[in-house]
Amino acid sequence: MAEVTVKQLAESVGAPPERLLQQMEEAGLPQRGLEDAVTEEQKQTLLTYLKTAHGQADEGPRKITLKRKTVSTLRTDRGRGKAVAVEVRKKRTYVKRDVTATAAPESAESELARLKAEEAEREAQRQAAELERRAEEERRKLEAAAKVEAEAQAKAEAEAQAQAQAKSSAKAPAGSSPAPVSEEEARRAAAAAIVDAEAATVKSEKRGGKPVKRRDDDDRSRKGRRMDDDGPVRDGGRNKRAGTLSRDRLAERKRRAAPKGMPKTQGFERPTEMVARDIEVPEAISVGDLAQRLSVKAGDAIKKLMGMGVMATINQVLDQDTAILLVEEFGHRAKTVASDAIEQEYFESLKIEGEGKSRAPVVTVMGHVDHGKTSLLDYIRKSRVASGEAGGITQHIGAYYVDTGHGAVSFLDTPGHAAFTAMRARGAKLTDIVILVVAADDGVMPQTEEAVAHARAANVPLVVAVNKMDKEGADPQRVKTELAGRDVVPDEWGGDTQFVHVSAMTGEGIDALLEALLLQAELLELTAVEDALGQGSVVESRLDRGRGPVATVLVRNGTLKKGDFIVAGEHYGRVRAMVNDAGENVEQALPSYPVEILGLSGTPDAGDEFSVVENERGAKELVEFRRSRSQEARIKQQQAARLDSLFDNMGEGEKPTINLVLKTDVRGSLEALIAAVGELSNDEVKVKVVSSGVGGINESDANLAVASSAVVLGFNVRADASAKKIIEREGLDLRYYSVIYELLDDLKDALSGMLAPELREEIVGIAEVRDVFRSPKFGAVAGCMVTEGTIYRSKKIRVLRDNVVIYEGELESLRRFKDDVQEVRNGFECGIGVRNYNDVREGDKIEVFDVKEIARSL
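Colleague: I'd like to hear about the overall build of the chain, residue by residue, with values.
Modeller: For the chain, the helix and strand inventory stands at 21 helices and 39 strands. Buried residues in the chain amount to 40% of all 858 residues. Once local pairs closer than 6 in sequence are excluded, the contacts in the chain between residues at least 24 apart make up 69%. Surface accessibility of the chain: about 49,200 Å² in total, with carbon and sulfur atoms responsible for 48%.

See below:
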């Protein structure tokens, strides 16, 4: 045989290479690595060493294995119980050595394999002996358990027989012999006693039994078998065999003791009739969710829908009517649920019960721009708010709490500019009384009429303050007359509106105005419950760089306290701080008290309702529901807008558009600007607000402006350093404004420059054809006399016959005598050649006109 390496030899004999190297080293062979060669002589040397180490001679052993299986039957209950089969397996291996054999020695590979097989055979013998020992122990345990059970049964039967005889003797009259006990009664009494005895045996085994030690992993992997009442079972729980057999015997005794005619087993039985349930069906629900509520598979629901003629998938949303039909198809009762059930539940929880107390009136000051609304409030509050406002006009809603000498009043100052219509409408809804400020020298203006309309819509009483009475041109009678024409009749004329003449500069009539307000408040009988959770409205909100979202709120009912958890629109949070209009920190706010609160998750919309809630989890669920609903509404609106614009722009060129990134200081200004900017668009140009928000201009705003080629506008806000860097690098247009009409005027100018110019025609000259000549070069040449204006060669012409235009084109030649000229004035003769037109006749008129482009404006 050829030489092989140590690794190949180990693979051929099935031994680990390291073990083979160790044995070769012990045999004195020189091999030390797996790639060393092994000769035939070295193999024989290794084989001789291994035989010597195992105590073997040169002759190979011969072996014989014997197996034996015996089955015995063990009965309990004195031979009447159930038979338990016990199986015992035995395995013996006999090895005989033949010293007289002279067979040739086997090869080294086969000898090594034979040695390995012998080792495995000895291990199998050891395992078989262990299994036989364990089976014998199990058999002895079963015999002992059966003996104990038989003794307990015999004792129980004896006790039962004695009890039955005692009962019969007690019932029998004196001197009579005891009545014999029936076999059935004795059997039942014995069964009951056996059951009690078995239960006591199980409890004693559990209390006094010693835990059996767990076998190691090798023993646990070996397969054993045990015998139970139902036959042989795999040894999965041999440690609890005694308790298991006792419980099985206990169940068997109960089954035998049951009276005839009664079921021997009890358990849950599936109802034969379907149970109809009430299924809540919202306005929209997916097929999968409805199937889950019906406790059926989604595939079954889809099959039902197909049978109804509706092809749907598991994620398709069904309307309420279809869902109700599907529920009824499954035999259940449908119960309709509104989609805003969580919202309704929230509003129901806001109901306040309690005794109302008198509260201060909430008064909104409204009127036309620059009629002195803020100046009037400044005089009442002894402040100078108007002097600090940009452009001298109010652009935010201001909320103030004033404790006058006549009583406390909460004032809301609204802007008078036309762009702040929504703010004025919101102020009218939040208020109890409206002060309509009208300048005595200016009279009723457009925003004055609008304020009257807002007050009428909100059903709020009016008090008219005729301001600027200190000016020379003041005419209060004119104001009364103009307002009376708009159904605002003074009380001195038989109406129901109080008119007070005031001056914000001199203070004239201020006390009379406050008295009129408090008189109106007494007539309204304003009350609120203080001992309740706070509720109210958001007047304004903004994003402060140092403090985060800040909201100005007006408490309408209850008490708002520091640390309360509130919900305001689509935002929620815990009130971390409250600041009044004087900049002082307060711990609580009573009804009709305006405060700034910190701690919300965002800036709520002006006009949103807020309320204090006790359940934070419910508040978060409500806010998530509101956000998802508003997002769905925005998506639907965007899709509808895309579809409308698709049909509107079909077949037309794209409109010139100005993209804007708009950031403001407060939410109310943002709302007013978006509405005013949207009104600037028309059929030819369009303004699109790509992004808007409250707070400073940041890096994300600048990147969005770069991507959409937008103009960045900041209203009372500024850009940070990173945003400025991007804007300067990309060359974007960044503009800051503090007065709203300046921003709108710049946008109007930009849009006007994008409008297509208006084309206007102007007739510059008319020539009358006196004769027609034929020229081989120009064709028909008209001899004309200029009757009006000047005839220019470079301008367009029209040919008129009987004052009807029959041709429009250009001049090909213009000559006076034989010279080409550029123009011919009135009263001179000339020759005119019309390009591509030879049907000029005597008496026609040639009209020369010019087209001028005139810039348009919005």
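Colleague: Before we move on, can you summarise the pairing of strand E34 (residues 796-801) with the specific residues and values?
Modeller: With 5 of 6 residues buried, E34 lies mostly within the body of the structure. Here E34 runs beside strand E35 (residues 804-816); their pairing, made up of 6 bridges, is antiparallel. Each residue of the ladder has a partner; that of Arg798, found in E35, is Glu808. From the end of E34 to the start of E35, which pair antiparallel, there are 2 residues, and Asp802 there has a positive phi angle of about 55°.

Colleague: Pulling in residues and values, what's your account of helix H3 (residues 40-53)?
Modeller: The end-to-end C-alpha distance of H3 is 20 Å, a good match for the 20 Å that 14 residues give at a rise of 1.5 Å each. Every buried residue of H3 is listed here: Gln42, Lys43, Leu46, Leu47, Leu50 and Lys51.

Colleague: Describe the packing of helix H18 (residues 667-678) against helix H21 (residues 740-754), naming the residues involved and giving the relevant values.
Modeller: One can describe the packing of H18 onto H21 by two numbers: an axis separation of 11 Å at closest approach and a directional angle of 25°. Between H18 and H21, the angle is such that the two are roughly parallel. As for the relative orientation of H18 and H21, their crossing is right-handed in sense. Taking contact as the criterion, the partners of Leu673, Ala676 and Val677 in H18 are, on H21, Ile740, Leu743, Leu744 and Leu747. When grouped by side-chain class, the residues that make up the contact of H18 with H21 number 7 nonpolar, no polar and no charged.

Colleague: Explain the environment of Tyr736 to me, using residue names and the numbers behind them.
Modeller: By the secondary structure assignment, Tyr736 is in strand E30 (residues 734-737). Spatially, the C-alpha atoms of Tyr736 and Ala719 are 9.3 Å apart, while their sequence positions differ by 17 residues. When neighbours within four sequence positions are excluded, Tyr736 is seen to be in contact with Ile697, Gly714, Val717, Arg718, Ala719 and Lys724. At 3.2 Å, the side chain of Tyr736 forms a polar contact with the backbone nitrogen of Ala719.

Colleague: Which residues make up the pattern of salt bridges, and what are the values?
Modeller: Across all of its chains, the model carries 33 salt bridges by this definition. A salt bridge links Arg140 to Glu136; the nearest nitrogen and oxygen atoms lie 3.8 Å apart. Taken together, the residues span about one helical turn, with Arg140 and Glu136 both in helix H4 (residues 108-171) at a distance of 4 residues. With a relative accessible area of 44%, Arg140 lands in the partly exposed category. Its relative accessible area of 26% is what places Glu136 among the partly exposed residues. Of the charged contacts, one joins Arg841 and Asp839 as a salt bridge, the two residues approaching to 3.4 Å between their closest N and O atoms. Note on Arg841: relative accessible area 46%, which makes it partly exposed. When salt bridges that share partners are traced, they join Glu130, Arg133, Arg134 and Glu137 into one network.

Colleague: Please provide a residue-by-residue account of the nonpolar core, values included.
Modeller: Among the nonpolar cores identified, the biggest contains 25 residues, and Leu376, Phe411, Ile435, Leu513 and Leu517 are the most heavily contacted of them. Broken down by secondary-structure element, the contributors of at least two residues to this core are strand E12 (362-367), helix H12 (373-381), strand E13 (398-404), strand E14 (407-413), strand E15 (433-439), strand E16 (462-467) and helix H16 (510-524). The element best represented in this core is H16, accounting for 7 residues. Discounting chain neighbours no more than four positions away, the residues touching Leu376 are Val437, Ala465, Val502, Ala504, Ile510 and Leu513. Counting residues in hydrophobic clusters, the runner-up holds 20 residues, among them Ala676, Val677, Leu680 and Val694.

Colleague: Before we move on, can you summarise the sheet that holds strand E27 (residues 657-664) with the specific residues and values?
Modeller: Strand order in the open sheet formed by 4 strands is E28-E27-E29-E30, with parallel pairing between adjacent strands. This sheet does not close on itself; its edge strands, each paired only once, are strand E28 (686-694) and E30. Recorded for the sheet is a direction-independent mean angle of 25° between the axes of neighbouring strands. With 8 bridges connecting them, E27 and E28 associate as parallel partners. When the sheet's bridge partners are listed, Leu660 is paired in E28 with Val689.

Colleague: Break down the sheet that holds strand E25 (residues 594-600) for me, with residues and values.
Modeller: Sheet architecture is closed into a barrel: 6 strands sit in the order E19-E20-E25-E23-E22-E26, paired in antiparallel fashion. Averaged over all pairs of adjacent strands, the angle between their axes in this sheet comes to 45°, without regard to strand direction. For strand E19 (residues 535-544) and strand E26 (residues 609-613), the ladder comprises 3 bridges, and the chain directions are antiparallel. By the bridge assignment for E26, Ser537 is matched with Glu609.

Colleague: Go over the packing of aromatic side chains with me, naming the residues and quoting the values.
Modeller: Applying the stated criterion across every chain, the model contains 3 aromatic pairs. Their ring planes at 50° and their centres at 4.7 Å tell us that Tyr401 and Tyr593 sit as a pair that is tilted. With Tyr401 in strand E13 and Tyr593 in the loop between strand E24 (588-589) and E25, this pair connects stretches of sequence that are 192 residues apart. Among the residues examined, Tyr401 registers a relative accessible area of 29% and is labelled partly exposed. Judged by centre distance (4.7 Å) and plane angle (15°), the ring pair of Tyr807 and Tyr837 falls under stacked. In this pair, Tyr807 sits in strand E35 while Tyr837 sits in the loop between strand E38 (829-834) and strand E39 (845-854), placing the two residues 30 residues apart along the sequence.

Colleague: Could you give me a rundown of the packing of helix H1 (residues 6-13) against helix H2 (residues 17-26), with the residues and numbers involved?
Modeller: Two elements in contact, H1 and H2, have axes separated by 9 Å at closest approach and are oriented at 110°. Between H1 and H2, the interaxial angle falls into the category roughly perpendicular. In terms of crossing hand, the pair formed by H1 and H2 is right-handed. Contacts from Val6, Leu9 and Ala10 in H1 reach Pro17, Leu20, Leu21 and Met24 in H2. Grouping the constituent residues of the contact of H1 with H2 by class yields 7 nonpolar, no polar and no charged.

Colleague: Just give me the short version of helix H9 (residues 298-307), but keep the residues and values in it.
Modeller: In an α-helix, one turn spans 3.6 residues, which is why side chains three or four residues apart end up on the same side. Of the residues making up H9, those classed as buried are Ala301, Ile302 and Leu305. Mapping the buried residues of H9 onto a view down its axis gives an arc of 100°, with all of them on the same face. More than 90 degrees from the buried face of H9, the exposed residues found are Lys303 and Gly307. Those residues of H9 that are buried are in contact with helix H8 (287-294), strand E9 (317-319) and helix H10 (320-329). At the C-terminal side of H9, Gly309 shows a positive phi close to 90°.

Colleague: Please give an account of the pairing of E35 that cites residues and values.
Modeller: Bridging between E35 and E38 involves 4 bridges; their strand directions are antiparallel. Bridge pairing in E38 links Ser813 to Gly833. With 2 bridges connecting them, E35 and strand E36 (residues 819-820) associate as antiparallel partners. Within E36, the residue paired with Arg816 across the bridge is Asp819.

About the thresholds
Residues numbered from 1 in each chain as written. Predicted model: local features only at pLDDT ≥ 70, side-chain atom pairs only at ≥ 80, totals over all residues. Heavy atoms only, no water. Helix = DSSP H or I, 4+ residues; strand = E, 2+ residues; numbered from the N terminus. Buried < 20%, exposed > 50% of the residue type's maximum accessible area, 1.4 Å probe, protein only. Contact = heavy atoms within 4.5 Å. Areas by Shrake-Rupley, 256 points an atom, 1.4 Å probe, with all protein chains shown as cover. Pairing = 2+ DSSP bridges. Expected span 1.5 Å × (residues − 1). Axes fitted to C-alpha atoms, helices over the stretch in contact; angles between N-to-C directions. Parallel < 35°, antiparallel > 145°, perpendicular 65-115°, else oblique. Left-handed = near helix turned anticlockwise from the far one by under 90°. Nonpolar A, V, L, I, M, F, W, Y, C, P; charged D, E, K, R; others polar. Polar contact = N/O pair within 3.5 Å; in protein donor to acceptor, adjacent residues only side chain to side chain. Salt bridge = Lys/Arg side-chain N within 4 Å of Asp/Glu carboxyl O. Core = buried A, V, L, I, M, F, W, Y, C linked by side-chain atoms within 4.5 Å. Phe/Tyr/Trp six-rings, centres within 6.5 Å; stacked < 30°, edge-to-face > 60°. Arc of directions from axis to C-beta.

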